[in-house]
Amino acid sequence: MTHAPGSSLGFIGLGAMGAGMAGCLLRKGYPLKVFAREAHAVQALVDQGAVAGTSSADVGRGSAIVFLSLPDDAVVREVLFADDGLVHGLAAGSVVVDTSTIAAASAREFAAALAARGIAFVDAPVSGGQQGAADGVLSCMVGGETAAVDACREALGAFCKSVLHVGGVGAGQVVKACNQVAVAGALLGVADAIALAQAEGVDLAQMREALLGGAARSFSLEKHAPRIAAKQFTPGFRAVLMRKDLRLALQGAQGTGTVLPTAALAEQLLDALCESGRADWDWAALALQVQALSGKPLPGHREPT
């Protein structure tokens with residue numbers, strides 16, 4: 001499949017998630033210009049057929065849609081509005097699609113600043129992890145004006161199996177926060193179940209099999225329980241990033257007077273995990289902190305396996 005020059009795309013941020021998403025776009029035949037701080041990440045995409053941009057502004061020139069996959073609000077702001085930022089290269093009528101997880105308030109702020117220049121902003125955070133990005137099967141929750149969302153929906157489909165328009169700008173980030181809160185609660189429940197089974201001397205594999213047959217079935221029980229039991233925490237999604245996402249959820253909740261006790265506990269446990277030197281372990285290692293509350297020692301610090 002090939003696409004017309006008017007459908008040329010840009011991609012900024014080629015980390016674990018961004019590289020996978022950009023690779024999916026290339027496999028779908030989209031002309032793609034990329035930029036990242038790490039030269040090796042850019043070269044890996046150039047080897048797949050992308051064009052290397054020299055700056056964020058350069059990526060914007062000639063791109064109808066530019067995707068961002070960046071670590072936090074501050075970096076998104078820099079990429080958009082710095083002296084060599086994207087805003088200085090994009091033409092009126094173009095669309096910025098931010099797949100990063102940032103604060104909803106920041107998304108609305110960025111959208112307003114870009115709208116003054118005739119540029120649309122869509123917040124489109126994704127869920128599904130590094131492997132989901134590489135395989136093109138992410139879920140995407142999208143906030144923005146309908147026309148802007150429709151303009152980028154086909155390209156989003158290159159790396160997403162589900163693209164759901166959930167409201168105006170910022171709504172995508174709110175729904176992503178809800179997703180992170182819900183999965184954190186599910187993992188806490190699984191971690192508790194594992195701690196209880198271990199304390200009672202019950203075989204963890206048999207316990208898991210029994211629970212999978214009933215109402216306790218969940219993604220965390222299916223995917224995370226085996227790695228928790230084996231203490232294998234090669235990251236699919238790093239603990240430090242989940243801590244950041246839960247902090248965003250808690251900050252947003254504070255602004256509306258909403259109490260999120262489960263999210264608060266998960267954030268505290270993840271903070272302890274990160275401060276112990278395990279920030280780059282998979283976030284499922286949160287279960288180790290649950291076990292530590294009962295006096296179980298954490299595994300010796302090492303590279304995650």
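A brief look at the structure comes next. What you see is a predicted model, and the numbers here were worked out from it, not measured in a lab. (Residues numbered from 1 in each chain as written. Predicted model: local features only at pLDDT ≥ 70, side-chain atom pairs only at ≥ 80, totals over all residues. Heavy atoms only, no water.)

Within the chain, the secondary structure is distributed over 13 helices and nine strands. Expected size for 305 residues packed as a compact globule is a radius of gyration near 19 Å; at 20 Å, the chain falls within 12% of this value. Dimensions of the chain, computed from C-alpha atoms along their principal axes, come out at roughly 65 × 45 × 35 Å. Buried positions account for 48% of the 305 residues belonging to the chain. Within the chain, residue pairs in contact and separated by at least 24 positions form 64% of the contacts whose partners lie at least 6 positions apart. If the 23 positive side-chain charges of the chain are averaged to one point and the 27 negative ones to another, these points end up 3 Å apart. (Helix = DSSP H or I, 4+ residues; strand = E, 2+ residues; numbered from the N terminus. Rg over C-alpha atoms; globule rule 2.2 N^0.38 Å. Buried < 20%, exposed > 50% of the residue type's maximum accessible area, 1.4 Å probe, protein only. Contact = heavy atoms within 4.5 Å. Lys, Arg positive; Asp, Glu negative; His and termini not counted. Charge placed at Lys NZ, Arg CZ, Asp CG, Glu CD.)

Okay, the pairing of strand 5 (residues 95-98) next. Across the two faces of strand 5 the burial is the same, with Val-95 and Val-97 and Val-96 and Asp-98 all buried. One ladder, built from four bridges, connects strand 4 (residues 65-68) with strand 5; its direction is parallel. From the neighbouring strand, Phe-67 faces strand 5, where its bridge partner is Val-97. Remark: the strand 4/helix 4 (residues 73-81)/strand 5 crossover connection has right-handed handedness. The pairing of strand 5 with strand 6 (residues 120-123) spans four bridges and is classified as parallel. (Pairing = 2+ DSSP bridges. Right-handed = clockwise from strand over helix to strand, strands pointing away.)

Attention shifts here to the packing of helix 9 (residues 204-212) against helix 10 (residues 219-230). Relative orientation of the contacting elements helix 9 and helix 10 amounts to 170°, with a least axis distance of 11 Å. Between helix 9 and helix 10, the angle falls in the class roughly antiparallel. Where helix 9 approaches helix 10, its residues Leu-204, Arg-208, Leu-211 and Leu-212 are matched on the opposing element by Leu-221, Glu-222, Ala-225, Pro-226 and Ala-229. Class assignment of the residues belonging to the contact of helix 9 with helix 10 gives a composition of seven nonpolar, no polar and two charged. (Axes fitted to C-alpha atoms, helices over the stretch in contact; angles between N-to-C directions. Parallel < 35°, antiparallel > 145°, perpendicular 65-115°, else oblique. Nonpolar A, V, L, I, M, F, W, Y, C, P; charged D, E, K, R; others polar.)

Three or more residues of helix 4 are buried, namely Asp-73, Val-75, Val-76, Val-79 and Leu-80. Down the axis, helix 4 shows its buried residues gathered within 165° of arc, on one side only. Where helix 4 begins, one side-chain oxygen reaches toward the backbone nitrogen of Ala-74, 3.2 Å away; that side chain belongs to Asp-72. (Arc of directions from axis to C-beta. Polar contact = N/O pair within 3.5 Å; in protein donor to acceptor, adjacent residues only side chain to side chain.)

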